Amino acid sequence: MILNAGMYDVPGGHVATIVTHLEMTTPTMPAQLPFPDGITATSQDVDPVTYRAIFRSVGGPWLWTSRLLLDDAALAKLLDDPLNEIWVLRQDGTDIGLIELDFSKPQECELVLFGMVPTATGQGLGGPMMALAQSRAFARKIRLFTVHTCHLDDPRALAFYQRMGFNPVKRAVEVFADPRLTGTHDPAIAPHIPCLK
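Residues numbered from 1 in each chain as written. Predicted model: local features only at pLDDT ≥ 70, side-chain atom pairs only at ≥ 80, totals over all residues. Heavy atoms only, no water.

## Overview of the overall build of the chain
- Looking only at helices and strands, the chain features four helices and seven strands.
- The N-to-C order of helical and strand elements in the chain reads β-β-α-α-β-β-β-α-β-α-β.
- Based on the C-alpha atoms only, the size of the chain along its principal axes is roughly 45 × 35 × 35 Å.
- Within the chain, contacts between residues at least 6 apart in sequence are counted, and of these 71% link residues at least 24 apart.
- One way to put it: in the chain the 16 positive side-chain charges average out to a point 5 Å from where the 21 negative ones average out. (Helix = DSSP H or I, 4+ residues; strand = E, 2+ residues; numbered from the N terminus. Contact = heavy atoms within 4.5 Å. Lys, Arg positive; Asp, Glu negative; His and termini not counted. Charge placed at Lys NZ, Arg CZ, Asp CG, Glu CD.)

Right, here's the structure in full:
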């Protein structure tokens, strides 16, 4: 569908964001980069309660919502799916980062989630995290590795993905109910994004 150029109102109680889709066909990083001392990355099974806690701590500031809309049964099914791979970063026993890979499409992998808690930024984790993600993705002999980010994410995200070798291929506009008004997120979270009723 082609829209006429111009400005469009966003319905009250909703948020609009520009989404950029990126992809790569071959890994661009070494198979392994060391994490800083005291940081570990572990692939493991997580229960819905633990997963939601990590998801909120990493994605709350950017209004990540998708997984919070799933009920326990649907989320448990996703977490138990062998085509879904989850890595948790920890520092001194505290969960500080999340990588989630989705292999549900034949010969493809989507980097569904990639992030860390705000206090963990600036510690040199992005490179090792991406090296891990690329290594795990291409280990399954995929032909396409994809990711998307939006302007509500950390403002450094898009440039980071491009530096890591992803190429932008598509742009879209997403409109969704503001999760702070629906009770999905705390009303005080993400104050840099105006909440308009």
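## What to know about the confidence of the model for the chain
- Per-chain confidence: the chain averages 94 in pLDDT, with 98% of residues scoring 70 or above.
- When pLDDT is averaged over each element of the chain, strand β6 (residues 144-150) comes out on top at 98 and strand β2 (residues 39-43) at the bottom at 93. (pLDDT = per-residue confidence, 0-100.)

## Overview of the side chain of T20
- The residue T20 is located in strand β1 (residues 14-24) in this model.
- Ignoring anything within four residues of it in the chain, the contact list for T20 reads V147, H148, T149, L158, P168, K170 and R171.

## Details of the pattern of salt bridges
- Under the counting rule described, the total for this entry stands at eight salt bridges.
- For E100, the salt bridge is made with R67, and the minimal N-O distance between the two is 2.8 Å. Taken together, the positions of E100 in strand β4 (residues 94-102) and R67 in the loop between α1 (48-59) and α2 (72-80) put the pair 33 residues apart, joining distant regions of the chain.
- Owing to a relative accessible area of 14%, R67 belongs among the buried residues under this scheme.
- As a salt-bridge pair, E85 and R136 come within 2.6 Å of each other at their nearest N and O atoms. Here the residue E85 occupies a position in strand β3 (residues 84-91), and R136 occupies one in helix α3 (residues 126-138), the gap between them amounting to 51 residues. (Salt bridge = Lys/Arg side-chain N within 4 Å of Asp/Glu carboxyl O. Buried < 20%, exposed > 50% of the residue type's maximum accessible area, 1.4 Å probe, protein only.)

## Let's talk about α3
- Over its 13 residues, α3 extends 18 Å from the first C-alpha to the last, a length consistent with the 18 Å expected when each residue adds 1.5 Å.
- Within α3, 11 of the 13 residues are buried, leaving the element largely enclosed by the surrounding structure.
- Here α3 has its buried residues at G126, G127, P128, M129, M130, A131, L132, A133, Q134, A137 and F138. (Expected span 1.5 Å × (residues − 1).)

## Remarks on the environment of L75
- Looking at where L75 falls in the secondary structure, it is placed in helix α2.
- When the C-alpha atoms of L75 and D47 are compared, they prove to be 8.7 Å apart, with 28 residues separating the residues in sequence.
- With sequence-adjacent residues up to four places away left out, L75 is seen in contact with P48, Y51, R52, R67 and L70.

## A short note on a nonpolar patch on the surface
- A cluster of nonpolar side chains, namely V10, I18, V173 and V175, defines an oily patch on the protein surface of about 340 Å² accessible area.
- Residue placement: V10 occurs in the segment before β1.
- For V10, a relative accessible area of 37% translates into the label partly exposed. (Patch = residues over 30% accessible without salt bridge, like charges linked within 9 Å, V, L, I, M, F, W, Y side chains within 5 Å. Areas by Shrake-Rupley, 256 points an atom, 1.4 Å probe, with all protein chains shown as cover.)

## Let's talk about the packing of aromatic side chains
- One pass over the structure, following the stated rule, counts eight aromatic pairs.
- When the centroid spacing of 5.3 Å and the interplanar angle of 50° are considered together, the rings of F145 and F166 count as tilted. Placement of the pair is F145 in strand β6 and F166 in the loop between α4 (157-163) and β7 (167-177), with a sequence separation of 21 residues. By the burial criterion, F145 is buried, and F166 matches it.
- Each member of the aromatic cluster is reached from another via a ring pair, and the members are F114, F138, F145, F160, Y161 and F166.
- Positioned over the ring face of F103 is R140, at 4.0 Å from the centre of the ring. (Phe/Tyr/Trp six-rings, centres within 6.5 Å; stacked < 30°, edge-to-face > 60°. Lys NZ or Arg CZ within 6 Å of the ring centre and 35° of its normal.)

## Some points on unusual backbone geometry
- Even without being a glycine, L63 presents a positive backbone phi close to 60°.
- Residue class for L63 comes out buried when judged on its relative accessible area of 4%.
- At A190, a position not held by glycine, the phi torsion is positive, near 55°.
- Position of A190 among the secondary structure elements: in the segment after β7.

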